[in-house]
Amino acid sequence: MHVILSAILLALAILDLVLGTSFLVDPASAASDFGLAIVSTHGESTLRGDMTAFFYVTAFSLAWGAWKRRGDVMWPALGLFGIAFTGRFINVIAQGPYDGWMVPMAVEAFHCIVIIVAMRAWGVPKPDV
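Residues numbered from 1 in each chain as written. Predicted model: local features only at pLDDT ≥ 70, side-chain atom pairs only at ≥ 80, totals over all residues. Heavy atoms only, no water.

**Focus on the side chain of E108**
Then step 1. Among the secondary structure elements, E108 is positioned in helix 5 (residues 102–122).
Then step 2. A polar side-chain atom of E108 sits 2.8 Å from a polar atom in the side chain of R88.
Then step 3. When near neighbours in sequence (up to four residues on either side) are disregarded, E108 contacts F81, A84, F85 and R88. (Helix = DSSP H or I, 4+ residues; strand = E, 2+ residues; numbered from the N terminus. Polar contact = N/O pair within 3.5 Å; in protein donor to acceptor, adjacent residues only side chain to side chain. Contact = heavy atoms within 4.5 Å.)

**Thoughts on the packing of aromatic side chains**
Then step 1. All told, the structure shown has 6 aromatic pairs when counted by the stated rule.
Then step 2. Here a set of aromatic residues connected by ring pairs shows up, and it is made of F23, F34, F54, F55 and F81. (Phe/Tyr/Trp six-rings, centres within 6.5 Å; stacked < 30°, edge-to-face > 60°.)

**Comments concerning unusual backbone geometry**
Then step 1. Residues other than glycine seldom take positive phi values, yet R69 does so here, at roughly 55°.
Then step 2. Mapped onto the secondary structure, R69 falls in the loop between helix 3 (41–68) and helix 4 (75–95).

**Some thoughts on the packing of helix 1 (residues 2–25) against helix 3**
Then step 1. Contact pair helix 1 / helix 3: the axes reach a minimum separation of 8 Å and the direction vectors enclose 160°. Relative to helix 3, the element helix 1 lies roughly antiparallel. Judged by the twist between their axes, the crossing of helix 1 over helix 3 is left-handed.
Then step 2. Among the residues making up the contact of helix 1 with helix 3, the classes are represented as 17 nonpolar, 5 polar and 2 charged. (Axes fitted to C-alpha atoms, helices over the stretch in contact; angles between N-to-C directions. Parallel < 35°, antiparallel > 145°, perpendicular 65-115°, else oblique. Left-handed = near helix turned anticlockwise from the far one by under 90°. Nonpolar A, V, L, I, M, F, W, Y, C, P; charged D, E, K, R; others polar.)

**Details of the side chain of H111**
Then step 1. Within the secondary structure, H111 sits in helix 5.
Then step 2. Given the relative accessible area of 0%, H111 is considered buried.
Then step 3. Side-chain polar atoms of H111 contact the backbone oxygen of V107, separated by 2.9 Å.
Then step 4. Apart from the residues within four sequence positions on either side, H111 is in contact with L12, L15, D16, T58, L62 and F81. (Buried < 20%, exposed > 50% of the residue type's maximum accessible area, 1.4 Å probe, protein only.)

**Some words on the layout of surface pockets**
Then step 1. Here the largest pocket is characterised by a volume of approximately 430 Å³.
Then step 2. Along its surface, the largest pocket is lined by 17 residues, and F34, F55, R88, P104 and E108 are the ones closest to its centre.
Then step 3. Counting only elements with at least two residues in the lining of the largest pocket, the list comes to helix 1, helix 3, helix 4 and helix 5.
Then step 4. For the lining of the largest pocket, a count of residues per class yields 12 nonpolar, 1 polar and 4 charged. (1 Å grid on protein atoms, 1.4 Å probe; cavity = no way out; pocket = protein on both sides within 12 Å on 5 of 7 lines; lining within 4 Å. Points joined across faces, edges and corners; volume = space filled by probe spheres on them.)

Below, the structure is given as structure tokens:
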């Protein structure tokens, strides 16, 4: 189970690294995939910085956790994807569903579920005293 869990986490880390890199290299194209449009250089800068950070922090957190089999280093990824899922859920309740709303929520929920399973399986290491 630990090998399969590590493999899933590494696959998610690669996905997040690719998404982050797409925002870094070509923010306009990446933004359109997320239903966003750049209207100014400020917006382009925000997408390039913030979205790249979101996905890179997640990718690093998942990869490190999978490599070391440590649940504690995946808190940043769980926080980012948990908040993203919550925001989307609130939007579906407040505004109603839109075309394609289930896919991003499913990806975010899957991230959260896998992270929680890994955290429970691997726990938090005890400090050496």
